[in-house]
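# Architecture at a glance
Read off the chains here:
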Amino acid sequence: MEVKTSLLDNMIGVGDMVLLEPLSEDSFIENLRKRFDHNEIYTYIGSVVISMNPYRTLPIFTPDKVEEYRNRNFYELSPHIYALADEAYRSLRDQDKDQCILITGESGAGKTEASKLVMSYVAAVCGKGQEVNKVKEQLLQSNPVLEAFGNAKTVRNDNSSRFGKYMDIEFDFKGDPLGGVISNYLLEKSRVVKQPRGERNFHVFYQLLSGASEDTLKKLKLERDFSKYNYLSLDSAAVNGLDDAANFRTVRNAMQIVGFMEDEVQSVLELVAAVLKLGNIEFKPESRCNGIDESRVKDKNDLKEMCELLGIEQSVLERAFSYRTVEAKLEKVSTTLNVSQAYYARDALAKNLYSRLFSWLVARINESIKAQGKTRHKVMGVLDIYGFEIFEENSFEQFIINYCNEKLQQIFIELTLREEQEEYIREGIEWTNIEYFNNAIICDLIENNQNGIMAMLDEECLRPGTVTDETFLDKLNTICAEHQHFESRLSKNSKFLTDHSLPHNCFRIQHYAGKVLYRVEGFVDKNNDLLYRDLSQAMYKATHSLIKQLFPEGNPSKVNLKRPLTAGFQFRASVGTLMRNLQTKNPNYIRCIKPNDKKAAHIFTDSLVCHQVRYLGLMENVRVRRAGYAFRQTYEPCLERYKMLCKRTWPHWRGPAREGVEVLMADLQVPTEEFSYGRSKIFIRNPRTLFSLEERRRQCLQNLATLIQKIYRGWKCRTHFLLLKKSQVVVAAWYRRYAQQKKYQKIKSATTVVQSYTRGWKARTLLRELKYQKRCKEAVTTIAAYWHGTQARRELRRLKEEARRKHAVAVIWAYWQGLKVRREYRKFFRANAGKKIYNFTIQRILQKYFLSLRSTLPSMSPIDKNWPPRPYMFLDGVHSELRRIFHLWRCKKYRSQFTDEKKAVYEEKLEASEIFKDKKALYPSSVSQPFRGDYLEISKNPKYQKLNSSVEEKVLLADVVNKINRANGKGTARIFLLTKNGVLLADQKTGQVKASVPLPDLTSVSVSTQSDGFFALRLKEGSASAVKGDFLLSSEHLIEIITKIHRVGASAADREQLNIDISDEFLVQFKQDKVCVKFIQGAPKNGNSASCKRKNNRLLEVSVPTTA
Ligand SMILES: Nc1ncnc2c1ncn2[C@@H]1O[C@H](COP(=O)(O)OP(=O)(O)OP(=O)(O)O)[C@@H](O)[C@H]1O
Ligand SMILES: [Mg+2]
């Protein structure tokens, strides 16, 4: 079901000012403030939307909101710009009525934003499709282009539109956009050459310099630095929140979408660059012979670059800055320009160049966006034009702008009244005359062709003779003096003669929105808007195609001696066209209000808003709107809204809605003069009546709510009660069951307890009985036992006595017999028994000894030193002999297991033991180390392959030894090889043989008694090997090396036995000298190894660490 809502629901303040009660300026502003504080920036005056600038992004412009307002009636939802856009679009599409949306307000009030919102809304709700989307995109993208060239930062607005804009968007019969036409009004071109403090030139200059690539800038002969250009104000070149570089890209992109060709964009940028260059041209005076100063261009570089950019002949332009040609009929007079005239000419050229470029841009955009085809289109016009301006100093521009606003107000009043009137006629309501202020009189004061202010200004500009702003004011003073809306100090109207708020060089107009004081200074000049013909001709001569187009009046073949049209005249004409255009359309108004001067959110300055409310004529709006009937509504929603106020219409009215409303009104006794019945709507005269209806409705809704609540509560309580009752029965049943179960359980357990007690008692009684019987039996048994015991003990005593007696008799008899026998045999025992007993005892002992020895024999390991202790001293010899035999036997057993290799190893070990045991302290530690012989794995290691191949015999030992250097006692690593035939020393790294000693040349080997590994190989004197002297070496495997050398020596039958000399001091023959090697015991150094030190020429001292 669709929920019917109304603007009147949940209103903050009142959503429609027409309903404001009481209506006064204060209540009006208070209402605005209240709504603004609650983020309600839109308020209606009938169908006019007042828009407050929130200065922040509100979440009310989302696609969801667009959907919410789509196809809804204007007063159905809370006020919104979308409601207005929707209304306008729907009546355009459905009722074929051309629309215009007139957006007014002061600078910064949000007009441009509002126009964009309207356009984006329409774009969102209208048809879709590739072609349509392209048109939409082009229409929307025309905005950034025009904003770049026509907007600037001002003190009031960072993105202030410095031109008026009217855009007609054309739609086909389906409501799909086809294209558009843009008209521009009065660009503020003076900004090009001069900007007020705190303001900037047009955005495009800054965008170009910030955003263009280096390449583009180079082509345009520009530099990025703003400060290089006189026309750019520097103090506010950077604007907060405005990214010029990014915007430049947006603009270029937008130009591309709109349809600008690349060369067109380039031409436009060249013109922008030319304006900047123009600003840098400076002049200096040059005295002429006639005493007049003539202007000359100071530095021609900028002029040259500008001429190059635009393809103008430099001399032509230079001359145009120094001379001015005045043509009158057939005569041509050339006058010189002084410096200030030259500057005036330069600035005029810059202004004209820019404003014509802007108009060209608008025309070019129009060319792109214009609707194709010749069918009649429906049109929606959007007018974003400057609002009423009242500054401290108001000049020609404000005069023009305010004139435009007067015209808009007039058309507003006319159209509002006309609309009102049309509605009354449509609805068949009697038209009552409405009192309101008609500003036609003010428009007449300004635009009257005979004696209007503009006509007089034009007349003054065209008149020969001296024309100044003062002569213009004089003229006004004489002609307009009588006008009731014109005020001047010098007018004939004597009442202003003493008004000091009205200076002599000013006039004041009482506009519909308030009085505005205009200073006449500059009126004539600005209206003339002259550009010297020499300049326009110079421009026309340019080879740059765009420039040529912009200055058609420079064409010498079309010299027009007539003065060009004045700015005022042109504006009046274009405003006239605009008004005629608007009058054919259904108007929709958006009145923008700026809440504060700080561009800040949440601030609402009463005085500022009040000022705007006044000059926008909003109170006037409300009054006009309320002049007839303040409120109207179609019958169906009216009946729907108020039907609860009458019993006959509530809850359902079966007949037509109008009759229902009539019944309702009659029943409510609303005075008949307070309302009228139209054909489809009811018209309510006073908001008071509406609010009283609303109040009654509220009351009634409350009562209804109470009734609904009452019934609902009753129903709820009854349902609850029934539920409780039903539950109670269930609960009771369950509880009873539960209680019975519990009782049963209790009785059951009690019975069990009683039973168990009874059984227990019975059992105990039985037990007692049985125990008693048992005790009786035991007592009888005990008594019987005691009795039998007594009997038995008596019998035992008796028998013991008897046995003792018998034993005594036997002992006595034995003793007696023994005595008798001993007496008889004493002589035989002494001769034999002792010896026999001795032998027997000895045999017995030996037998025991051997048997015990068998079981306590030690292990079969030859090194096991255990042997059981001897039991008797007399067995000492046997015991040790047996030990020796056992040891020999187990050694034999051990040896018999040996393989040949192991045997050889043990033989070597045996030989080592023979050589070193108890002679050298190193020996014991070597016993447990197996003799490996080849420590270097010389045959396998590829490193020693060469060395191995150079040795013919089998290598018996290969190891790394240290060869001790006599000079310092330090060792050098050498490979030591022992073969059957000799000893070989080779370099450890290279494997190169250093020395080879055949075994026969080896006489002896000297070692110390200590735990070091030093040994000297002493060579036979006179042998070939002895030439270099003996070798003093040290090795970790000393014992093995010496043993092996000794063994090899011993196995050669033809050789002498090798001497092993073991002493702590021995001589070594080094070449010629004999050096004594002395071993001493020292503290451990460098770990635990012995160190050799040269003491003197004849003594090497080896310090062997003492072993613990
Ligand atoms: N509906 C809005 N929501 C958020 N911010 C807004 C809205 N309307 C206006 N503004 C803010 O106010 C600034 C001024 O608005 P806008 O440029 O539309 O003013 P204007 O009336 O067109 O002024 P001018 O006459 O100087 O062109 C905008 O740049 C924007 O920051
Ligand atoms: Mg604007």
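Coordinates for the structure precede this section.
Residues numbered from 1 in each chain as written. Chains lettered and ligands numbered in written order. Predicted model: local features only at pLDDT ≥ 70, side-chain atom pairs only at ≥ 80, totals over all residues. Heavy atoms only, no water.

### Looking at the overall build of the chain
Filter applied, for reference: We count a stretch as a helix when DSSP gives it H or I for four or more residues in a row; a strand needs E for two or more, and each element gets its number in order from the N terminus. In this description the radius of gyration comes from C-alpha coordinates, and the expected globular size is given by 2.2 Å times residues to the power 0.38. Relative accessibility under 20% of the residue-type maximum defines a buried residue, over 50% an exposed one, and the middle range a partly exposed one, all with a 1.4 Å probe and only protein chains included. Note on definitions: a residue-residue contact is assigned when non-hydrogen atoms from the two residues lie within 4.5 Å. Surface exposure here means Shrake-Rupley accessible area, sampled with a 1.4 Å probe, where a residue is shielded only by the protein chains that are shown.
For the chain, the helix and strand inventory stands at 31 helices and 31 strands. For the chain, whose C-alpha radius of gyration is 67 Å, the value lies well above the compact-globule estimate of 32 Å for 1108 residues. With respect to the three principal axes, the spread of C-alpha positions in the chain is 200 × 130 × 60 Å. When the 1108 residues of the chain are sorted by exposure, 46% land in the buried category. Taking the intrachain contacts of the chain between residues at least 6 apart in sequence as the baseline, contacts between residues at least 24 apart amount to 64%. Here the chain has roughly 59800 Å² of accessible surface; of this, 54% comes from carbon and sulfur atoms.

### Concerning the site of ligand 1
For clarity, the threshold we go by: Put simply, a residue is near a molecule or strand once any heavy atom of it comes within 4 Å of that molecule or strand. Whenever a nitrogen or oxygen atom comes within 3.5 Å of another N or O atom, the pair is scored as a polar contact, on the condition that within protein one atom can donate a hydrogen and the other can accept it, and that pairs from neighbouring residues in sequence are kept only if both atoms are in side chains. Only Asp, Glu, Lys and Arg are considered charged, only Ala, Val, Leu, Ile, Met, Phe, Trp, Tyr, Cys and Pro nonpolar, and every remaining residue, Gly among them, polar.
The environment of ligand 1 is made up of 17 residues, and the closest members are Asn53, Ser107, Thr112, Ser160 and Ser161. Interatomic distance of 2.7 Å between a side-chain N/O atom of Lys111 and an oxygen atom of ligand 1. Within the side chain of Thr112, one N or O atom sits 2.6 Å away from an oxygen atom of ligand 1. For ligand 1, whose free accessible area comes to 620 Å², the fraction covered by protein is 84%. Of all the secondary-structure elements, those providing two or more residues to the shell around ligand 1 are helix H4 (111-125) and strand S5 (160-161). When grouped by side-chain class, the residues that make up the shell around ligand 1 number 4 nonpolar, 9 polar and 4 charged.

### Some thoughts on the pattern of salt bridges
A side chain with one charge can pair with a side chain of the opposite charge if their charged atoms come near. Quick note on the threshold: The term salt bridge refers to a pairing of a side-chain nitrogen on Lys or Arg with a carboxyl oxygen on Asp or Glu at a separation within 4 Å.
Considering all chains together, one arrives at 71 salt bridges under this definition. Between Asp158 and Lys599 there is a salt bridge, with its nearest N and O atoms 2.7 Å apart. Within this pair, whereas Asp158 is found in the loop between strand S4 (151-152) and S5, its partner Lys599 is found in the loop between strand S16 (586-593) and helix H22 (606-615), the two being separated by 441 residues in sequence. What makes Asp158 partly exposed here is its relative accessible area of 23%. Among the residues examined, Lys599 registers a relative accessible area of 25% and is labelled partly exposed. Among the salt bridges present, the one from Glu423 reaches Arg632, with a minimum N-O distance of 2.9 Å. Placement of the pair is Glu423 in helix H14 (residues 396-427) and Arg632 in strand S17 (residues 631-634), with a sequence separation of 209 residues.

### Re the side chain of Ser1004
Relative to the helices and strands, Ser1004 resides in strand S24 (residues 1002-1007). Apart from residues no more than four positions distant in its own chain, Ser1004 is found in contact with Ala1016, Leu1017, Arg1018, Leu1058 and Asn1059.

### Quick word on the coordination of the magnesium ion (ligand 2)
For clarity, the cut-off: For Na, K and Ca the donor cutoff is 3.2 Å, while for all other metals N, O and S atoms must lie within 2.8 Å; water is not among the atoms, so some sites may look incomplete.
Of the protein atoms, only Thr112 (OG1) and Ser161 (OG) coordinate the magnesium ion (ligand 2), at distances of 1.9 to 2.0 Å. Of this pair, Thr112 sits in helix H4 while Ser161 sits in strand S5, and the two are 49 residues apart along the sequence. Comparing Thr112 with Ser161, the two get one shared label, buried.

### Some points on a positive patch on the surface
We count it as follows: Grouping into patches uses exposed residues only, defined as over 30% relative accessible area, and leaves out salt-bridged ones; the cut-off is 9 Å for like charges and 5 Å for nonpolar side chains (Val, Leu, Ile, Met, Phe, Trp, Tyr). Positive charges come from Lys and Arg, negative ones from Asp and Glu, while His and the chain ends are left out of the count. Taken as the charge centre is NZ of Lys, CZ of Arg, CG of Asp or CD of Glu, depending on the residue.
A cluster of basic residues, Arg764, Arg768, Lys771 and Arg775, forms a positive patch at the surface. By the element assignment, Arg775 lies in helix H26 (residues 687-855).

### Let's talk about the sheet that holds strand S13 (residues 486-488)
Put simply, the rule is: Pairing between strands requires that DSSP locate at least two bridges from one strand to the other. Throughout, an axis means a line fitted to C-alpha atoms (over the contacting stretch in the case of helices), and angles, computed between N-to-C directions, take values from 0 to 180 degrees.
Spatial strand order, S13-S14-S15: 3 strands in an open sheet with antiparallel pairing. In the strand order of this sheet, the two ends are held by S13 and strand S15 (514-519), each with one partner. Adjacent strand axes in the sheet meet at a mean angle of 25° when their direction is disregarded. Judged from the 6 bridges that link them, strand S14 (residues 506-511) and S15 form a sheet pairing that is antiparallel. Counterpart to His511 in the pairing with S15 is Gly514. Strands in contact with helix H17 (residues 469-479) are S13 and S14; relative to S14, the strand with the most contacts, it is inclined by about 50°.

### Some words on empty space enclosed by the protein
In plain terms, the rule: Only protein atoms enter the 1 Å grid used here. Points where a 1.4 Å probe fits but cannot escape make up a cavity, open sets with protein on both sides within 12 Å along at least five of seven lines make up a pocket, and a residue lines them when an atom lies within 4 Å of a point. Grid points are joined across faces, edges and corners, and a volume is the space filled by probe spheres set on the points.
According to the stated counting rule, one finds 6 cavities of 30 Å³ or more in the structure shown. Forming the walls of the largest cavity are Ile45, Ser47, Val48, Phe412, Leu415, Thr416, Glu419, Pro587, Tyr589, Asn621 and Arg625. Elements supplying a minimum of two residues to the lining of the largest cavity: H14, S16 and helix H23 (618-627). With 4 residues, H14 is the single largest residue contributor to the lining of the largest cavity. When grouped by side-chain class, the residues that make up the lining of the largest cavity number 6 nonpolar, 3 polar and 2 charged.

### Thoughts on the packing of H14 against helix H21 (residues 567-583)
Let me state the cut-off plainly: Here the word oblique covers every angle except those under 35 degrees (roughly parallel), over 145 (roughly antiparallel) and from 65 to 115 (roughly perpendicular). Take the far helix as the reference: if the near one is turned anticlockwise from it by less than a right angle, the crossing is left-handed, and if turned clockwise, right-handed.
With their axes 11 Å apart at the nearest point, H14 and H21 run at an angle of 20° to one another. Relative to H21, H14 is oriented roughly parallel. Along this stretch, H14 crosses H21, giving a crossing that reads as right-handed. In this structure, H14 uses Phe396, Ile400, Tyr403, Cys404, Lys407, Leu408, Ile411, Glu414, Leu415 and Arg418 to contact H21, whose residues at the interface are Ala567, Gly568, Phe571, Arg572, Val575, Met579, Leu582 and Gln583. Across the contact of H14 with H21, the residue classes break down as 12 nonpolar, 2 polar and 4 charged.

### Topic: the nonpolar core
Using the following cut-off: What is meant by a nonpolar core is a set of buried Ala, Val, Leu, Ile, Met, Phe, Trp, Tyr and Cys residues, joined one to another through side-chain atoms within 4.5 Å.
Formed by 191 residues in total, the largest nonpolar core has its most connected members in Phe28, Phe149, Leu317 and Phe507. For this core, the element with the most residues is helix H13 (residues 339-369), which contributes 15 residues. The residues touching Phe149, leaving out its near neighbours within four places in the chain, are Phe202, Val204, Val268, Val272, Tyr354, Leu357, Phe358 and Leu361. Among the nonpolar cores identified, the runner-up in size contains 31 residues, and Leu978, Leu1019, Phe1031 and Leu1038 belong to it.

### Considerations on the pairing of S24
Extensive coverage of S24 is indicated by the burial of 5 of its 6 residues. Pairing of S24 with strand S25 (residues 1014-1019), which is carried by 5 bridges, proceeds in the antiparallel orientation. Note on S25: the bridge partner recorded for Ser1006 is Ala1016. The loop that links S24 with its antiparallel partner S25 comprises 6 residues. As paired elements, S24 and strand S27 (residues 1059-1062) share 4 bridges and run parallel to each other.

### Digging into the environment of Thr466
Relative to the elements of secondary structure, Thr466 occurs in the loop between helix H16 (453-462) and H17. For the pair formed by Thr466 and Trp813, sequence separation is 347 residues and the distance between their alpha carbons is 199 Å.

### Focus on the sheet that holds strand S29 (residues 1073-1082)
Hydrogen bonds between backbone groups are what pair the strands of a sheet, and the pairing can be parallel or antiparallel. If you trace the 4 strands from one edge of the open sheet to the other, you get S28-S29-S31-S30, paired in mixed fashion. A strand with exactly one partner marks an edge of an open sheet, and here the two such strands are strand S28 (1065-1070) and strand S30 (1091-1096). Mean inter-strand twist for the sheet, computed between neighbouring axes without regard to direction, equals 30°. Across 5 bridges, the pairing between S30 and strand S31 (residues 1099-1105) is antiparallel. Within S31, the position partnered with Cys1092 by the bridge is Val1102.

### Some words on the layout of surface pockets
When its volume is computed, the second largest pocket comes out at roughly 1500 Å³. Along the wall of the second largest pocket there are 46 residues; nearest its centre are Asn73, Phe74, Tyr75, Glu87 and Lys681. Here the residues of the lining of the second largest pocket sort into 12 nonpolar, 12 polar and 22 charged.

### Side note on helix H25 (residues 657-668)
Convention followed: Expected span, for any helix, means 1.5 Å times one less than how many residues it has.
If you check H25, its first and last C-alpha atoms are 16 Å apart, about what 12 residues at 1.5 Å a residue would give, namely 16 Å. Every buried residue of H25 is listed here: Ala657, Gly660, Val661, Val663, Leu664, Met665 and Leu668. One or two residues past the end of H25 sits Gln669, with phi positive at roughly 55°.

### Observations concerning the pairing of strand S7 (residues 177-185)
Two faces belong to every sheet, and in a regular strand the side chains alternate between them. Examined bridge by bridge, strand S6 (residues 164-171) and S7 share 8 bridges and lie antiparallel to one another. Each bridged residue has a counterpart across the sheet, and for Phe171 the counterpart in S7 is Pro177.

### Some details on the side chain of Gln633
Along the chain, Gln633 falls in strand S17. Judged by its relative accessible area of 13%, Gln633 falls in the buried class. Not counting the four nearest positions on each side in its chain, Gln633 is found in contact with Cys638, Tyr642, Ser680, Lys681 and Ile682.

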